[in-house]
Amino acid sequence: MKRIFNKSKFIGPSFNGWMKLLIIGLVLSIVTVFLLQFAMHFQVWGRLNYQSTDIPVVLDFVRQYMMRPQALYSILACLTLFIFIVVLVNHLFMGVAIYSLTAIVAIVAEYMKMKTRNEPIIFSDMSEVTAVSGLTKMVDKDLLVAAVAGIVILLVLAVGLELYIRRKKVGKFSESVQSMMFKQAGSRLVVLIVTFLMLATPFVVNADQNRAILNHFGYQWQNKIGVDDAMVNGPIMTFVSNISSVIMREPAGYSAKEMAHLQKKYTQYADKLNETRQDNLKGQTVISILSESLTNPDDVPNLAYKGPDAYKNIDAIKDKAVISGKMLSSGHGGGTANIEYMTIAGLPLATFAPEMAVPYTQVVPFAHKTPILPSLFDKREVLHPYAGMFYNRRDAYKDMGIQKFYTTDGLTYKYPDKYTGKLSSRAEYPTDENAYKFLLDKVDTTNNKDSQFLQLMTMQNHLPYSAKEYPNSPYKMKEPAVSNSTKDQIETYITGVHQTDLATKKLIAKVEKIKRPITMVFYGDHWPVVFTFVDQNKQMQTSHETDYFIYQNAAARKMNKSKLQHDERPYASPSDFPALALKATNSKLTPFFALQTKFVDELPALANYTRDTFVDEQGHKLNTKDLTSKQKKLLHEFMLVQYDITAGNHYLDDSFTDNQ
Amino acid sequence: MNIRKRTVSVLTGVAIIMLIAMQMVSQQQNIAWYRFLTWTTWPMIFFVAGYAIKINQRIVQTLTQSILKYLVPYFLISLLLIASSKFVQMFGLTSLLNQPFQAIRVGVKAMLYGNGWPGATMFWQFETGIGLGWALLALFWGTIITTLIIKIKPLSLQIVLVVLITYGGFYVSRGVQLPWSFTSGVVVQPFMLLGHYFNDETKAWQPARATILAGGIISWIMSHNGAYELTVAQINHWIIGTLAAIIILEAILSIIWYISEHLSRWTMWLIGIGKHYSISIAILSFMTMIVPIKNQLNNIITTEWLVFMLAWVIVLLIIIVSKWAVIKITDYWDKDRVN
C-alpha cells in the first residue's frame, strides 16, 4: 500500500480535465433529474393538479422543480454517482454508459411505479429488485423495449469509443479524453473514497441525521403521501428520506414501569374475556382470503356499465356472513403487502411513523417480536399463485413463523401447476377458481386435530387489465367518458370481478358442506388502478373502501356459537381482523389480542390511508381529537404496546404476546 | 503590462460594473439574476484584493496600506452617510432622499460595529446596518489575514489553513455577526489566496473553454438555489458553495483573459473603471444608502428593465465622475503636502 501511495503522488486529471469531466457529469445529472421529475408529473392521475399528460404543462412543473433548492441535492447526488462510476472504471465512455444505464433503469422504474400506483420508488422497494422477471411483466412493453434498445446502443457506442481511443492514442480528441482520467492509483483512490462516503452517508447515518442533511437542501416532508413528496422534493430526495426511516416514534410516557402496568392490566383483561371464550382452535381452520384489487364496481362513483350484476353473489354472501362491512384500505392500486400485514398482525399502519412504508421490509426484519394471528395455530401456510419475492415476503414470513409459503417460483413449496389455469390465453394470472381449489385441497388434507391457518392471496384481478383479456366479456362500460384504453381496462376488470364473484359463490357452497369447522375472512385489498376518473382527493374515503366479510360454515357456527353481531363493525380497519376472527371463533385470547379486541370494541375504525383519522359506524370521518378521553387513553395504550414490540425496548414479556 | 496584470485590471472594472448591477437589480422581481450577480461578483472583488497583496511586503506595510485603502474610505463614507442622514431629516427631504439612520447615535453604532445588515451582533440585535460599506471592512480583514497566511509555508499548509478558517467563519456567522464584518473577511480567504497566487507567474494558469462552460452551468444551478451572500457570511452550503464560487471565478477569469487578448479598446475602458476600486465601492455604498435612484426612475418610467439599465448607467457615471473628483482632490492634496 505504501509503495502504491509513494508511486502515485496523487496525480489526477488536470484542472481543465476536471472541468470537462464536471461538464459531462453536470449535463448528465441535470438531464437525469429532469427526466426523473418528468416521470413524476407525466401521469394520468392528476394528483393535486400537478400531474398531467399535457407535455408543455408537465415541462412547466419540471421547470419549477429545477428552480427549487431540492434540485441541487438531486443534481449533486447524480453527479457524485457519476464521478464515482467514472473514477471506478477509469474509462470515460464506459463510465458514461454505466451511469446512463443506471439512470435509464431508474427513470423507467420510477415512471412505471408512478403509472401503476402513483407512488415513487422508496428504499424498501429495493427488496423487489431481485424480482426482475416479475417486474418486467408489469412494465409497459414499448417503454421496456425502448429502454433495452437505448441501453444496448449506449453500451455498443461506449465500447466502440473506448476501442477507438485505445487505438488512436495521439490526437486532440484522445488527449482530451485522457486528460480527464486518472493516471495514478493514489488520487483515484482518494476520489473513490470521498464519493463513496458521500453516496453511503444516507445509509449509515440515523434517521434524524439523514433528515437534517436533507433539510439543509430545503427538503419539505409531505406528510402521508409519497407522490406529493416526490413532486415537491424530487424522487431522489424521497428515496433517500426513506432509507433510514423511523419505524415508530416513541409515544409519550413510554417506560418500563408503564409497560409493566399495561402487561398486568391487559393480562387481567384477557383473563376476564377468556372466562366466556372457548379453548377451541384445535381441529378448526381459519382461512384468510386476500382478493387482489377486488371492489364492487357499483361502489365506484359515476361508473355505469352494461352487463349482468358483477357482484351479486358476494353481496349475498356478505348478507349471510357472521359479520361484514367495508374495509378501509391503506392503499389504492397497490400496497397489498401492507394490508395483508395489518390483517394478520393487527397493527395499523396509521399508528406507525409516516416514514414506515412497508412493514415486511422495515418492521418485521428488525422487530423483537411479531405476534400475528397465525401464530395461534398449529399449521400456518400461505398460498400465492405468483412469484414470492415481492415485498420481502419470504424473509418476513420466516420471521413471523409461517411454515409454508406456496408460490409459482417456489423451490421448496411450489404452487402446483394444476392450479394455475387462466381464464383465457390472453390472461396474465391464474384464476381465483383454481386458487380456491388449491385452498380447499389444503383444508382437506389437514390432520383433524390440528388447528390450521391458511392464507390465500389471489392474483386474477391484478393489473395490467389488458384490452380484450377475456374475449367473451358481456360487459360494456357506458359512463363516464374516458379514453378507449381506460374503457378497455375497466371492462376487463369488471369481467374479472364477475369471475371472482362466481368462484367465491362456489367456494362458499363447498366450504359450507365441509364437516371441519371453517372460519373464512375475505376482503378486497384495495381498489384497482383503472378508475382514473375518480378524484382521489375528493373521494379519499370511498376510493379506499373495499368489502370484507367473515363467513363460518355450518360446523363452525355450531361449534363456536359466535357472539359477533352481523353489523358490529360496518367499517373496519384491516388491523381489526385478528380480533374479529378470534371473536368469531370465540377463542381464548392472549393479552395482546385482548388489547386488540378492546380496540375494536371501543374505538371507531382507523383510516390507514391517512393519519389521525377514524371512521365511525355511520361512515363519518373523525379525528383523534374528536375521540372521548377514554378512547384516547386506549389508543395511547395501544400505541405504547405497538411501539414496545416493534421499535421499543421490549419491556413486555413473552406471556403478553404468546399463546400459553 | 503583462497579460495576468491586464486580466486582473479588466476583472476589477467588470467587478465594479457587476457590483453596481447587483445593487440596482430588484431582488424581489429578479431573484435569479440577483443571486447570479452575488455568485459572480463577490469572488471577483476579493480575488482582486488578493492579487494586490505583494508576496514580500512586510505586515506593517500591508496594514498601513490596507488602512488607507479600505478603512479610511469606510469611515469617511460612513461619517458622510450619518451627516447626510441627519441633513435629510433636518430639511425634510425624505421624499427625495433616503434617511438610513433614524438618529446619529444609530448611525454611529452601525459604523463602529460595521455590520452590513441589521441582525444579531455580539452585544444585541442591531436595527440597522452600514450597507455596502461592510465590503471595505471585509476587504481590510481579508487582506490582513491573507498576508499572515502567506507567510506560513508550504502552500499545502496555507490551503489547509484557509479551508479551516473559511469553515470556522461560516460556522460562527450562523450565530452572530462579529464586529467589522470580520467573518466576511474570513470566509473570502479562498478567493484572496487564489488572487494572491495568480500574481505569481511561476504558478501555471491557463484559460479554458471547459472552465467557462462548467462555470456557466454551475452558476445557473447555484443561482436557482440561493444567493452567495457574504454580507453576513451566510450561504446555504458552505463547502459546495465555496467550491462552486471558485469554479465560477475561474470561468470569469478565463472569459476576461479572452476579452483582454481580443478586445483591447474595451479593456482600456474597463481598466479605467477598475482603478481605485475601494473608492468606487465607497461611493456606491453612499449612493445605495442615500439616493433612491430606482424609486425616482420608477416615477417616470414603468418598464422594469429600462429602469434597471438607466439606474445602472447613471450610478456608473456618478461613480466615474465622483472618483475623478476624489482623485483630483487627493492628488492636489498630495502635491500640496510634498511642496
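The notes below deal with the structure included here. (Residues numbered from 1 in each chain as written. Chains lettered and ligands numbered in written order. Predicted model: local features only at pLDDT ≥ 70, side-chain atom pairs only at ≥ 80, totals over all residues. Heavy atoms only, no water.)

**Comments concerning the overall build of chain A**
Per the secondary structure count, chain A includes 24 helices and 13 strands. In terms of overall size, chain A behaves like a compact globule, its C-alpha atoms giving a radius of gyration of 27 Å where 660 residues would be expected to give roughly 26 Å. Dimensions of chain A along its principal axes, counting C-alpha atoms only, are 90 × 65 × 50 Å. For chain A, buried positions account for 57% of its 660 residues. Across chain A, the fraction of contacts at a sequence separation of at least 24, relative to all contacts at a separation of at least 6, is 76%. For chain A, the exposed surface amounts to about 27600 Å²; the carbon and sulfur share of it is 58%. (Helix = DSSP H or I, 4+ residues; strand = E, 2+ residues; numbered from the N terminus. Rg over C-alpha atoms; globule rule 2.2 N^0.38 Å. Buried < 20%, exposed > 50% of the residue type's maximum accessible area, 1.4 Å probe, protein only. Contact = heavy atoms within 4.5 Å. Areas by Shrake-Rupley, 256 points an atom, 1.4 Å probe, with all protein chains shown as cover.)

**Here we look at the pattern of salt bridges**
All names here are of chain A. In this structure the tally under the stated criterion is 20 salt bridges over all chains. Across the pair Asp378 and Lys282 runs a salt bridge whose closest N-O atoms are separated by 3.1 Å. Here Lys282 lies in the loop between helix H13 (256-274) and strand E1 (285-291) and Asp378 lies in the loop between helix H16 (359-362) and strand E4 (379-384), a separation of 96 residues in the sequence. You can call Lys282 exposed: its relative accessible area is 55%. With its nearest N and O atoms 3.1 Å apart, the salt bridge here joins Lys598 to Glu602. Of the two residues, Lys598 and Glu602 both sit in helix H22 (residues 591-602), 4 residues apart, roughly one turn of that helix. (Salt bridge = Lys/Arg side-chain N within 4 Å of Asp/Glu carboxyl O.)

**Quick word on the sheet that holds strand E3 (residues 323-328) of chain A**
All names here are of chain A. Read from one edge to the other, the open sheet built from 8 strands follows the order E5-E4-E6-E1-E8-E9-E3-E10, with strand pairing classed as mixed. The open sheet has two edge strands with one neighbour each: strand E5 (404-407) and strand E10 (571-572). Bridge count for E1 against strand E8 (residues 518-524) is 7 bridges, and the pairing is parallel. The residue bridging Ser291 from the neighbouring strand is Gly524, located in E8. Lying over the sheet, helix H14 (residues 312-320) contacts E3, E8 and strand E9 (545-552), oriented at roughly 55° with respect to E9. (Pairing = 2+ DSSP bridges. Axes fitted to C-alpha atoms, helices over the stretch in contact; angles between N-to-C directions.)

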